[in-house]
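What follows is the residue order along each chain.
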Amino acid sequence: MKRDEAYSMVKEHVKNRNLVYHMLACEAIMRALAKHFREDEEMWGMAGLLHDLDYPETVENPSKHGLITIEMLKDKGVDKKIMDAILAHCGKKTPETLMEKALYAVDPMSGLIVASALITPAKKLSAIDGKFVKRRFKEKAFAKGASREQIKTCESFGVPLDEFLDIGVRAMQSIADEIGL
């Protein structure tokens, strides 16, 4: 599957603009991490882009989250490594590979970064950096849905939290216009 086909599937199945932006943000961060690790940027980006493809259908039934995406993708020529990362991000499989661990940590981080940008007067990603997000990270009441424990798993694959947040912010800033921030 090529990126254009994957993005077409996202636009077809996901009508919530903010969820599409989240998926694009995860794609950008995963690409940046792949570059950092000298891994396949296309593959990692695809995992980020497609990871919540079934969310609109599974929001009321989280036990199916990820599983429906795999069903949608199984005949599309998507690499099993991508499908395993999708399953790992939502707890349907223990994250084992570097890509699986990365997506697991990236998913909540993108939301923390968005929330951080939205509390600035400019409401733009250009108004924040990794240090700003780190201060918000420490505030337990801020962006409660962004699991700090899940984000901190970045350290288990060799990326210190400060560096992980920096990579995430820079990656999202690179697509700020595309995601409306």
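Notes on the structure follow. Note that the structure is predicted; figures quoted are calculated from it, not measured.

## Some points on the packing of helix α8 (residues 130-137) against helix α10 (residues 161-173)
At their nearest, the axes of α8 and α10 sit 8 Å apart, and the two run at 120 degrees to each other. Judged on the interaxial angle alone, α10 and α8 are oblique. Handedness of the α8/α10 crossing: right-handed. Where α8 approaches α10, its residues G130, K131, V133, K134 and F137 are matched on the opposing element by L161, D162, L165, D166 and V169. A class-by-class count of the residues in the contact of α8 with α10 yields 5 nonpolar, 1 polar and 4 charged.

## Here we look at the nonpolar core
Core analysis: the biggest nonpolar cluster contains 64 residues, and V10, L125 and F164 have the highest contact counts within it. Elements with a minimum of two residues in this core: α1 (3-13), α2 (17-37), α3 (41-50), α5 (67-73), α6 (80-89), α7 (98-118), α8 and α10. Among the elements that line this core, the one with the most residues is α2, at 11 residues. Among all residues touching F164, those that are not within four sequence positions of it are L33, A105, V106, M109, I151, C154, F157 and V159.

## Focus on the packing of aromatic side chains
Within the structure shown, the criterion is met by 3 aromatic pairs. An angle of 40 degrees between the planes, with centres 6.2 Å apart, marks the rings of F37 and W44 as tilted. Note on W44: relative accessible area 3%, which makes it buried. Taken together, F37, W44, F157 and F164 form an aromatic cluster joined through their ring pairs. Positioned above the aromatic ring of Y7 is the side chain of R3, whose terminal nitrogen or guanidinium carbon lies 4.8 Å from the ring centre. Above the plane of the ring of F132 lies R136, whose end atom (NZ or CZ) is 4.6 Å from the centre.

Conventions we followed
- Residues numbered from 1 in each chain as written.
- Predicted model: local features only at pLDDT ≥ 70, side-chain atom pairs only at ≥ 80, totals over all residues.
- Heavy atoms only, no water.
- Axes fitted to C-alpha atoms, helices over the stretch in contact; angles between N-to-C directions.
- Helix = DSSP H or I, 4+ residues; strand = E, 2+ residues; numbered from the N terminus.
- Parallel < 35°, antiparallel > 145°, perpendicular 65-115°, else oblique.
- Left-handed = near helix turned anticlockwise from the far one by under 90°.
- Contact = heavy atoms within 4.5 Å.
- Nonpolar A, V, L, I, M, F, W, Y, C, P; charged D, E, K, R; others polar.
- Core = buried A, V, L, I, M, F, W, Y, C linked by side-chain atoms within 4.5 Å.
- Buried < 20%, exposed > 50% of the residue type's maximum accessible area, 1.4 Å probe, protein only.
- Phe/Tyr/Trp six-rings, centres within 6.5 Å; stacked < 30°, edge-to-face > 60°.
- Lys NZ or Arg CZ within 6 Å of the ring centre and 35° of its normal.

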